[in-house]
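# Summary of the model geometry
Next come the chains, spelled out residue by residue.
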Amino acid sequence: MSKLKTSKFGLGLAAGVMALGLSTAGIAADEFNGIGAKITEKAVEPWDISVFYDGTNLPEGSGTVEAGQNPYDAKCAMCHGAFGEGAEGYPKMAGDPMPAFIKSLKQGLDGVGNRGVNNAWGHAPTLFDMIKRHMPFYAPGTMGVDESYAVTCYVLNLGGIVPMDFTCSDKTLADVDMPARDYYVTDTRPDVDNERCMSDCYDYDPKVVGAVVTGVSE
Amino acid sequence: MSETTLDQTPQSDAREGVASSDRRKFLRKSVALAASGAAAAAAGNAYAGDVKLETVTEPLKPGATRNILGRGVVSVPYGMPSKFEKHVVRRNVSWLTADTVASISFTPWQDLNGIITPNGLHFERHHAGAVDVDPETHQLVIHGMVDKPMVFSMEDLKRMPSHTAIHFLECPANGAMEWRGVQMDSMQFTHGMMACSEWTGVKLTDLMEYVGVDPKSTWLYAEGTDGSALQRSIPMEGAKDQFGEPIPADQCDMYKDAMIAYAQNGEALRPENGYPIRFLLPGCEANMSIKWLRRIKFVDKPLVTYQETRHYIEPLPDGTIRQFSLVNETNSVINYPCPDNQMKGKGAYEIRGIAWSGRGKIAHVDVSVDGGKNWQEAELVQPVMSKCVTKFKLPFEWNGDEHLIMSRATDETGYVQPTLMQLRNVRGTNSIYHKNSIQAWKIEKTGEVKNVQIENF
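All values reported here derive from a predicted model rather than from experimental measurement.

## Some thoughts on the sheet that holds strand β22 (residues 440-443) of chain B
Note on sheets: strands pair through backbone hydrogen bonds, and any given pair is parallel or antiparallel. Ordered by their spatial adjacency, 6 strands build an open sheet running β5(A)-β23(B)-β22(B)-β21(B)-β17(B)-β18(B), and the pairing between neighbours is antiparallel. Looking at strand neighbours, the two that pair on one side only are β5 (208-209) of chain A together with β18 (376-377) of chain B, the edges of this open sheet.

Written out as structure tokens, the structure is:
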């Protein structure tokens, strides 16, 4: 099976090779013979829009906070609020700043409705990517590169993250200091390590609580 | 089951605030007790079979359908459920989202009796609405760190060796409305962000070999062709996060089960579930199983997308924000009885439910009718498959008392489903996602079944 040479499993991961060998038993490389077409990276380019957290693949262009105001007011404010406070149940652009946000979480306050670019986004290039591909909601992906930089810059300014005279561009966005960045920690689950108790698992009375309000399932 | 066990009904003046370490001691102690042969309680068999049956004396009537002709074949070219089953539908919760276009609907598990979710009842989660993608023109691109960047049509994908498997998909927000307390009075809303289907498509690892993925690639990402162009990063062996910290090894293995799916329960995918193709990543939060898939790129770092930094994250009480919590851990729930399926008089019932784990097969499901003090192992209904819903059942005779019924699943890795209080102790109440805790239902003397939480278990 020469095809294994180029596969991830060919790297001496014995178990992986075995598993693959079994699961693909009888599938020779020939079974893909003639299927599909090769494509040049140039041809993929129009679709290859994903921006990495560190700014890799940001398109060339720029936009200032000031230039973002008009498009924001025209295309975004109706859902996200003129000041980014959110409208009609749509998400806020900015919530409580760090570390006040974390403090409110510790007090058990609702953290969901309070999320925004200043407390729950690790990297500014992600914000550009999201706005460019997914907003404005009613016409996703219709803004140009410079307009997207400008609107991104405006939203960052609403979050108190960049000053009024800031220019967002493929050169500057990766270095924007996102307040939440250093709070992220990769999964450490499982959180609980239980044994399978079968009898007399506890000896006190269970404290049962039901719904405080009912009829919310509509 | 002894009479005394049946009498252990919940008291409102219960002892409060038992710390988790105390509870762990309890659990360990009780395991030892069980091993030494102490009383093992049974969930059923206490009732003596003495419920008085009514006697029908009135002669039977002919019935409304006996003397008429029914509909001819193909009068309904695509068959629909009986008109008497109109209540079995997906539902949404209007206050959850501002808009139904970026929203979620729920599968009515309370009305389902198998492990397969009918396609029209599969829960939906869209970020920019369900779109109608033309299979004639749809293309899938695979590129990045590969020998041969390639593009495939639907016909191309169907020529390739196919792969079929039954897997659940679960939104990690399943149960999210219950983190802070009891809210929902239907199991459709407590557990309906999960569905299970037979999927057919092309195995990702087969495609990886065909395009020749560079062994140095540690991540791939998948992207859809809907308005949100939803994208998620998927780890492979050696994957590290944006800070250089490793992604847990078991989550870096999940891609080996992945496929590009074009069929769901034997027919083409439904538009709401990604027609004509979707990425399918069994075991992981369903947001990663990108619908309307158009592109897969092999890379050496995560994108850290909007979904990964803003949505599917968990702020923890210690001030950190958990990211890349990808696997859906073991979960289970009783769907009969449940708030939607109440008791209809004393006597025999079968407690039935569903269990699932993103880490593999379900190994055991235990059922308690006394609030988790004593448990009995339920029967697992075959087939039991990896990352697939498993059905369980256990006979139960109800003598009209109050009961706290619950199920607890253990998967093949030995992971035992936790209690809500245990999860809250670690994660607080702002975590939203991955709430896989034991679900309690309270059977009232009236036969009503209510959603409850036990605050000290």
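Back to the text.
## Here we look at the pattern of salt bridges
As a working rule, side chains carrying opposite charge can pair if their charged atoms are close by. Taken as a whole and judged by the stated rule, the model has 38 salt bridges over all chains. Arg196 of chain A is paired through a salt bridge with Glu377 of chain B; the nearest N and O atoms lie 2.9 Å apart. Remark: Glu377 of chain B occurs in strand β18 and Arg196 of chain A occurs in the loop between β4 (184-186) and β5; the pair is interchain, linking two chains. Using a relative accessible area of 24% as the deciding quantity, one classes Arg196 of chain A as partly exposed.

## Considering the nonpolar core
Residue and element names in this part refer to chain B. Residues Phe279, Ile296 and Phe298 are the most contacted members of the largest nonpolar core, which totals 50 residues. In this structure Phe279 touches Leu204, Leu220, Ala222, Ile234, Ala258, Met259, Ile260, Met288, Ser289, Ile290, Leu293 and Ile296, once residues within four positions along its chain are discounted. Residues Leu112, Ala378, Phe396 and Val449 belong to the second largest nonpolar core, which totals 37 residues.

## Comments concerning the side chain of Asp411 of chain B
All names here are of chain B. With respect to the secondary-structure elements, Asp411 resides in strand β21 (residues 403-411). Put simply, Asp411 is tucked away with no salt bridge, and the nearest opposite charge, on Arg359, sits 5.0 Å away. For Asp411, the side chain forms a polar contact with the side chain of Ser357, separated by 2.8 Å.

## Side note on the interface of chain B and chain A
On the chain A side, the residues contacting the 137 residues of chain B number 93 residues. Taken together, the two surfaces of chain B and chain A that pack against each other cover about 10,200 Å², and 57% of this comes from carbon and sulfur. Summed over the shared surface of chain B and chain A, the number is 11 salt bridges. Residue Asp54 of chain A is joined to Lys301 of chain B by a salt bridge in which the shortest nitrogen-to-oxygen separation is 2.7 Å. The tally of links between chain B and chain A comes to 50 residue pairs in polar contact (both at pLDDT 80 or more). Here the element with the most residues in the side of chain B that touches chain A is helix α2 (residues 20-35) of chain B; it accounts for 9 residues. Considered class by class, the residues forming the side of chain B that touches chain A number 62 nonpolar, 39 polar and 36 charged. Pairing of β5 of chain A with strand β23 (residues 449-454) of chain B involves 2 bridges; the strand directions are antiparallel. Paired with Val208 of chain A across the two strands is Ile454 of chain B, which belongs to β23 of chain B.

## Considering the environment of Phe168 of chain B
Positionally, Phe168 of chain B belongs in strand β5 (residues 163-170). It is 9.4 Å that separates the C-alpha atoms of Phe168 of chain B and Ser386 of chain B, two residues lying 218 residues apart in sequence.

## Some details on the domain arrangement of chain B
Residues and elements named next belong to chain B. Domain boundaries assigned for chain B yield domain 1 (103-322) and domain 2 (331-452). Computed over C-alpha atoms only, the centres of domain 1 and domain 2 are separated by 27 Å. Contacts between the two partners involve 44 residues from domain 1 and, on the opposite side, 40 residues from domain 2. Between domain 1 and domain 2 lies a buried interface of about 3,500 Å² when both sides are counted; carbon and sulfur atoms form 57% of it. Across the contact surface, domain 1 and domain 2 share 2 salt bridges.

## Regarding the confidence of the model for chain B
Per-chain confidence: chain B averages 90 in pLDDT, with 89% of residues scoring 70 or above. Overall fold confidence for the complex sits at a pTM of 0.89, while the interface term, ipTM, reaches 0.87.

## Things to note about the packing of helix α3 (residues 65-75) of chain A against helix α7 (residues 145-158) of chain A
Residue and element names in this part refer to chain A. Where α3 contacts α7, the axes come no closer than 7 Å and their chain directions differ by 90 degrees. By the angle between their directions, the pair α3 and α7 is classed as roughly perpendicular. Within the contact between the two elements, α3 uses Val65, Ala67, Gly68, Gln69, Pro71, Tyr72, Asp73 and Lys75 and α7 uses Glu147, Ala150, Val151, Cys153, Tyr154, Val155, Asn157 and Leu158. For the contact of α3 with α7, the residue count by class is 10 nonpolar, 3 polar and 3 charged.

Definitions and limits used
- Residues numbered from 1 in each chain as written.
- Chains lettered and ligands numbered in written order.
- Predicted model: local features only at pLDDT ≥ 70, side-chain atom pairs only at ≥ 80, totals over all residues.
- Heavy atoms only, no water.
- Pairing = 2+ DSSP bridges.
- Helix = DSSP H or I, 4+ residues; strand = E, 2+ residues; numbered from the N terminus.
- Salt bridge = Lys/Arg side-chain N within 4 Å of Asp/Glu carboxyl O.
- Buried < 20%, exposed > 50% of the residue type's maximum accessible area, 1.4 Å probe, protein only.
- Core = buried A, V, L, I, M, F, W, Y, C linked by side-chain atoms within 4.5 Å.
- Contact = heavy atoms within 4.5 Å.
- Lys, Arg positive; Asp, Glu negative; His and termini not counted.
- Polar contact = N/O pair within 3.5 Å; in protein donor to acceptor, adjacent residues only side chain to side chain.
- Buried area = accessible area lost by both parts, 1.4 Å probe.
- Nonpolar A, V, L, I, M, F, W, Y, C, P; charged D, E, K, R; others polar.
- Domains from an automatic or database assignment.
- pLDDT = per-residue confidence, 0-100.
- Axes fitted to C-alpha atoms, helices over the stretch in contact; angles between N-to-C directions.
- Parallel < 35°, antiparallel > 145°, perpendicular 65-115°, else oblique.

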